[in-house]
Amino acid sequence: MERIAIQFDAEVAKAYQEAEPQKQQKIQTIINDLLKLIIQDTSLDDIIQD
């Protein structure tokens, strides 16, 4: 995996930083999968359904 920086609002950033490592990993997996769908030009409706 490679590391990239994405800006989030302060509330989200703080919650992520304070989360347990297992929860951080789950968040990373969800964001990774979501970005893959977006990059593939998947429609928002398809993303929501997935």
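Above this text sits the structure in question.
The rules behind each value
Residues numbered from 1 in each chain as written. Predicted model: local features only at pLDDT ≥ 70, side-chain atom pairs only at ≥ 80, totals over all residues. Heavy atoms only, no water. Patch = residues over 30% accessible without salt bridge, like charges linked within 9 Å, V, L, I, M, F, W, Y side chains within 5 Å. Areas by Shrake-Rupley, 256 points an atom, 1.4 Å probe, with all protein chains shown as cover. Salt bridge = Lys/Arg side-chain N within 4 Å of Asp/Glu carboxyl O. Helix = DSSP H or I, 4+ residues; strand = E, 2+ residues; numbered from the N terminus. Buried < 20%, exposed > 50% of the residue type's maximum accessible area, 1.4 Å probe, protein only.

Engineer: Please give an account of a nonpolar patch on the surface that cites residues and values.
Structural biologist: Side chains of Ile4, Ile6, Phe8, Val12, Leu34, Leu35, Ile38 and Ile39 sit close together on the surface and give an oily, nonpolar patch of about 740 Å² of accessible area. Note that isoleucine 4 resides in the segment before helix 1 (10–18). Judged by its relative accessible area of 61%, isoleucine 4 is exposed.

Engineer: How would you summarise the pattern of salt bridges if you had to cite specific residues and measurements?
Structural biologist: Per the stated rule, a full pass over the model turns up 1 salt bridge. Put simply, lysine 14 and glutamate 18 hold a salt bridge, and the shortest N to O gap is 3.9 Å. Residue lysine 14 and its partner glutamate 18 are both found in helix 1; the two are separated by 4 residues, about one turn of the helix. Residues lysine 14 and glutamate 18 agree in their burial class; the two are exposed.

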